[in-house]
Amino acid sequence: MGTVMKLTSLTARQIRYYETQELVKPQRSDGNRRLYSLNDVDRLLEIKDYLDEGLNMAGIREIFSQKQVESEKRKEEQRKSLTDDDVRKILHDEILRAGGLQGMSSQPTSPLQKPF
DNA sequence: CTTCTTACA
DNA sequence: TGTAAGCA
């Protein structure tokens, strides 16, 4: 806990208050003590920045919705990676085809070529 | 000694 | 938001 306070430069009161506002959800362990993960600390730092910018509970919900947007974008990126894989295979096939049709045999490289 | 909860200011 | 009391 003290570690989180130092890492975030927030008071225990603030950290607990943000927890009641559902901004962070640390897991509990022995004796009902808060166990903060890296993600929780990162979110607290983000909250602090928003607070310094003047935002209150408004910016708080902004972050909550922002995470939903990120998760939605992840799905789009997954679709993109699949199409990229297809494009990659197509280009690969085209390169093989071009090289095969043009049997590059004994043609000494021009003297102007530099090692690269 | 540190953290947690509740509650008052 | 700070702080005090009482418990773990």
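Our subject is the structure listed above.
Only a predicted model underlies this, so the values are computations on that prediction, with no experimental measurement involved.

The rules behind the values
- Residues numbered from 1 in each chain as written.
- Chains lettered and ligands numbered in written order.
- Predicted model: local features only at pLDDT ≥ 70, side-chain atom pairs only at ≥ 80, totals over all residues.
- Heavy atoms only, no water.
- Helix = DSSP H or I, 4+ residues; strand = E, 2+ residues; numbered from the N terminus.
- Buried < 20%, exposed > 50% of the residue type's maximum accessible area, 1.4 Å probe, protein only.
- Contact = heavy atoms within 4.5 Å.
- Areas by Shrake-Rupley, 256 points an atom, 1.4 Å probe, with all protein chains shown as cover.
- Near = heavy atom within 4 Å.
- Polar contact = N/O pair within 3.5 Å; in protein donor to acceptor, adjacent residues only side chain to side chain.
- Nonpolar A, V, L, I, M, F, W, Y, C, P; charged D, E, K, R; others polar.
- Expected span 1.5 Å × (residues − 1).
- Core = buried A, V, L, I, M, F, W, Y, C linked by side-chain atoms within 4.5 Å.

Engineer: Can you lay out the overall build of chain A for me, pointing to particular residues and giving the numbers?
Structural biologist: When helices and strands are counted, chain A shows four helices and two strands. Ordered by position from N to C terminus, the α and β elements of chain A give α-α-β-β-α-α. Counting all 116 residues of chain A, 16% fall into the buried class. Within chain A, counting contacts between residues at least 6 apart in sequence, those at least 24 apart form 40% of the total. Counting every atom, chain A has about 10100 Å² of accessible surface; 54% of that belongs to carbon and sulfur.

Engineer: I'd love a proper account of the protein's contact with DNA strand C, names of residues and values included.
Structural biologist: Around DNA strand C sit Thr11, Arg13, Gln14, Tyr18 and Arg33, and that is every residue in its neighbourhood. Near the protein, within 4 Å, the atoms of DNA strand C are sugar or phosphate in 24% of cases. The side chain of Thr11 places a nitrogen or oxygen atom 3.1 Å from a phosphate oxygen of DNA strand C. Between Arg33 and DNA strand C, the recorded distance is 3.4 Å, taken from a side-chain N or O atom to a base nitrogen. Across the surface near DNA strand C, the residue classes tally to one nonpolar, two polar and two charged.

Engineer: An account of helix H4 (residues 57-101) is needed here, citing residue identities and associated values.
Structural biologist: For H4, spanning 45 residues, the distance from its first C-alpha to its last is 66 Å, which sits close to the expected 66 Å at 1.5 Å a residue. Restricting attention to buried positions, one finds in H4 the residues Gly59, Ile60 and Ile63. On its buried face, H4 is in contact with helix H3 (38-52).

Engineer: Tell me about the protein's contact with DNA strand B, and please be specific about residues and values.
Structural biologist: Residues in close proximity to DNA strand B include Met1, Gly2, Arg13, Arg16, Arg28, Asn32, Arg33 and Arg34, which together make up its full environment. Atoms of DNA strand B within 4 Å of the protein belong to the sugar or the phosphate in 78% of instances, the rest to bases. In this structure, Arg28 approaches DNA strand B through a side-chain N or O atom, which is 3.1 Å from a phosphate oxygen. Looking at side-chain class alone, the surface near DNA strand B contains one nonpolar, two polar and five charged residues.

Engineer: Residues and numbers for the nonpolar core, please.
Structural biologist: In terms of nonpolar packing, the biggest core is built from 12 residues, these being Val4, Leu10, Ile15, Tyr18, Leu23, Val24, Tyr36, Val41, Leu44, Ile47, Ile60 and Ile63. Counting only elements with at least two residues in this core, the list comes to helix H2 (12-20), H3 and H4. Considering every element that reaches this core, the biggest residue donor is H3, with three residues. Residue contacts for Val4: discarding those within four places in its chain leaves Ser9, Ile15, Tyr36, Val41 and Leu44.

Everything listed here is a matter of coordinates, which is why it stays silent on function.
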